[in-house]
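Coordinate inspection notes
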Amino acid sequence: MRSVPFLLALTAASIPTNMNASDPRPSLILENARARLVTDLGGGSIASFTLTDSDLNPLNWDSWSLGPTPELPPTPDPRGMGHFLCLDRWGPATPAEEAHGMGPHGEASVVWWHVDPPPAGEADRTTARLSATLPMAGLRVDRDVALIGDQSCFVVTETIINTRPLGRVYNCVQHPSIAAPFLGPSTIVDCNGTRGFMQATPLPNPEDPEVRWPAALSPSGTEVDMRHLDPSAVPWVVSYIIEEPVGWITAANPDKGLLLGYLWSTKDYPWVSHWAHLENGKILYRGLEFGTTGLHQPEPALVEKGRIFDRRLIRYIDADESQAFRYAGFLLEIPADYAGTGILVFEDGVVRIEERGGRNRILTLKIGRIF
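Because the structure is predicted, anything quoted here is derived from the model rather than measured. Once a new chain begins, its residue numbering starts again from 1 and follows that chain's sequence as written. Totals for whole chains, interfaces and linings use every residue, but because this is a predicted model, local features are given only for residues with pLDDT of at least 70 and side-chain atom pairs only at 80 or more, for both listing and counting. Think of the side-chain values as coming from all heavy atoms in the structure, minus any hydrogens and water.

**Details of the overall build of the chain**
As a reminder, the rule being used: Every helix listed is a DSSP run of H or I at least four residues long, and every strand listed is a run of E at least two residues long, numbered separately from the N terminus. Radius of gyration: over C-alpha atoms. The globule rule applied is 2.2 Å multiplied by the number of residues raised to the 0.38 power. Categorising residues by exposure relies on relative accessible area from a 1.4 Å probe, with only protein chains included: less than 20% of the type maximum marks a residue as buried, more than 50% marks it as exposed, and the intermediate range marks it as partly exposed. Pairs of residues are marked as contacts when any of their non-hydrogen atoms sit within 4.5 Å. Computed by Shrake-Rupley with a 1.4 Å probe, the accessible areas treat only the displayed protein chains as cover when residues are assessed. The positive count covers Lys and Arg only, the negative count covers Asp and Glu only, and His and the chain ends enter neither. Where a charge lies is defined by one atom per residue type, namely NZ (Lys), CZ (Arg), CG (Asp) and CD (Glu).
Of the regular secondary structure elements, the chain holds three helices and 27 strands. Scaling as 2.2 N^0.38, a compact globule of 371 residues should have a C-alpha radius of gyration of about 21 Å, and the chain matches this with 20 Å. Over its C-alpha atoms, taken along the principal directions, the chain stretches across nearly 60 × 50 × 45 Å. Within the chain, buried positions represent 56% of all 371 residues. The contacts in the chain between residues at least 6 apart in sequence include a share of 61% that link residues at least 24 apart. Carbon and sulfur atoms form 53% of the exposed surface of the chain, whose accessible area is close to 15,600 Å². One way to put it: in the chain the 31 positive side-chain charges average out to a point 3 Å from where the 44 negative ones average out.

**Observations regarding the pairing of strand 7 (residues 127-134)**
Definition in use: A strand pair is defined by DSSP finding two or more bridges across the two strands.
Pairing analysis gives two bridges linking strand 6 (residues 114-115) to strand 7, with the strands arranged antiparallel. Looking at strand 7, one finds that histidine 114 is bridged to serine 131. Note: strand 7 against strand 8 (residues 139-147), eight bridges, orientation antiparallel. Note that in strand 8 the partner of threonine 133 across the bridge is arginine 140. Taken together, strand 7 and the strand that follows it, strand 8, pair antiparallel across an intervening segment of four residues, in which glycine 138 is found at a positive phi of about 70 degrees.

**Describing the environment of histidine 277**
Summarising the element assignment, histidine 277 is placed in strand 19 (residues 271-279). A C-alpha to C-alpha distance of 29 Å links histidine 277 and glutamate 244, two positions 33 residues apart in sequence. Apart from residues lying up to four places away in sequence, histidine 277 is in contact with Leu66, Lys282, Ile283, Leu284 and Tyr285.

**Points about the sheet that holds strand 26 (residues 350-355)**
Here is the rule we go by: Each axis is a line fitted through C-alpha atoms, and for a helix only the stretch in contact is used; angles between axes span 0 to 180 degrees, taken between their N-to-C directions.
Across the sheet, which stays open at both edges, the three strands sit in the order 25-26-27 with antiparallel pairing between neighbours. Looking at which strands have only one partner, the edges of the open sheet turn out to be strand 25 (341-347) and strand 27 (362-366). The sheet shows a mean angle of 15 degrees between the axes of neighbouring strands, taken without regard to direction.

**So, the sheet that holds strand 6**
In spatial order, the strands read 6-7-8-9-24-18-17-11; together these eight strands make up an open sheet with antiparallel pairing. Looking at which strands have only one partner, the edges of the open sheet turn out to be strand 6 and strand 11 (188-191). One ladder, built from nine bridges, connects strand 8 with strand 9 (residues 153-162); its direction is antiparallel. Directly across from leucine 139, in strand 9, lies its bridge partner asparagine 162.

**Section: the packing of aromatic side chains**
So the rule is basically this: Ring pairs are drawn from Phe, Tyr and Trp, using the six-membered ring of Trp, whenever the two centres fall within 6.5 Å, and their geometry is named by plane angle: stacked under 30 degrees, edge-to-face over 60, tilted for the rest.
Per the counting criterion, the structure on display carries 16 aromatic pairs. The interplanar angle of 90 degrees and the centroid separation of 5.3 Å between the aromatic rings of tryptophan 213 and tyrosine 240 together place this pair among those described as edge-to-face. Here the residue tryptophan 213 occupies a position in the loop between strand 13 (211-212) and strand 14 (215-217), and tyrosine 240 occupies one in strand 16 (residues 237-242), the gap between them amounting to 27 residues. Judged by its relative accessible area of 12%, tryptophan 213 is buried.

**Structural notes on the side chain of asparagine 192**
We apply this condition: What qualifies as a polar contact is a pair of N or O atoms within 3.5 Å, subject to a donor-acceptor requirement within protein and to the restriction that residues adjacent in sequence count only when both atoms come from side chains.
Summarising the element assignment, asparagine 192 is placed in the loop between strand 11 and strand 12 (193-198). Within the local environment of asparagine 192, its side chain forms a polar contact with the backbone oxygen of valine 246, the two atoms lying 2.8 Å apart. At 3.0 Å, the side chain of asparagine 192 forms a polar contact with the backbone nitrogen of tryptophan 248. Beyond its immediate stretch of four places on either side in the chain, asparagine 192 contacts Ile241, Ile242, Glu244, Val246, Gly247 and Trp248.

**What about the pairing of strand 20 (residues 282-291)?**
The buried count for strand 20 comes to eight of ten residues, which makes it a mostly enclosed element. Bridge count between strand 10 (residues 168-179) and strand 20: five bridges; the pairing is antiparallel. Residue pairing in the sheet places serine 177 in a bridge with glycine 287 of strand 20. Both strand 19 and strand 20 contribute to a ladder of nine bridges, which runs antiparallel. Bridge pairing in strand 20 links valine 272 to phenylalanine 290. The hairpin formed by strand 19 and strand 20 contains two residues between the paired strands, and asparagine 280 there has a positive phi angle of roughly 55 degrees.

**A few points about the pattern of salt bridges**
Working definition: two side chains of opposite charge can pair if their charged atoms are close together. This is how the line gets drawn: Salt bridges are defined by distance alone: a side-chain nitrogen of Lys or Arg within 4 Å of a carboxyl oxygen of Asp or Glu.
Counting across every chain of the model gives 22 salt bridges. Of the charged contacts, one joins arginine 227 and aspartate 190 as a salt bridge, the two residues approaching to 2.5 Å between their closest N and O atoms. In this pair, arginine 227 is assigned in the loop between strand 15 (223-225) and strand 16 and aspartate 190 in strand 11, connecting sequence segments 37 residues apart. Neither residue differs from the other here; arginine 227 and aspartate 190 are each classed as buried. Here the salt bridges do not stand alone but share partners, grouping Asp88, Arg89, Glu97, Arg168 and Glu299 into one network.

As structure tokens, then:
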């Protein structure tokens, strides 16, 4: 278990000032005047993202709740929480891979992450570099994360390095998941996806029938609106392509006065996917996922299928190659009658959100040029 040697190696002199190593779940905390970002080192998840004057965490989710023993107290082992990284895959392993210990969504969320201490005298509570090694996948991921100035926004650059002497296929998908109290009856989800398909439709042609955002199909085949899900007709996973240069997704809870958003370059992440988990007639969790693939299948199926809607489903990384991906996450306060995101534009380093419904209310956030 890699946690023990890692923690023993952290002396008082080497622990960054923004790292909580005494907690049962060691974490890295970044703060500025507007926001607080907590990364759980047992899996590298962004476990909490809040405004400094609030404890409302949209990413209040723990995969322990979906495990085999949710009734027991969680263990300190690495696992996915809040916003976790799916690497080297999104979805299940093959039976042969499972026999060797590979689980769903790859290893990134089930290994311990390391923090690079800042240079002496240069402690910074708004930036950090983390890394993780994925031994079965033969990959390493370096993550640079920064809170932007005094804004409620963070930017992440993740560099994937192939540490083996042979090339391979892989995928990289961001998996933010929202839960109560942020997720509730008033929560509205918007994105700029277009053509989509239901993951429940079997291969070889899951894109038949095609759906169009915000429409999807319930398990019974009725059309549903993904912006504001009805608990009586919840799809499993729906994936859409993005046809604009910048992809985005927002989740807004007007009752709580808060909006969580993400944006990214579609050259990095051409797919956006929506997952919902239902129990006892209530939507408990909702995934706002974006990444390099939109097909939730083992890698051989992705290679066989190749593309959907002319978007590739899998990437290739050569021996010794590095590939970098970047995205931003942000929080904005919203009015109690907010109707949802109609248009999101990112130009000249400024996020500009136009509210749905022709009210001419505009939200803006200056984050700088990130891609």
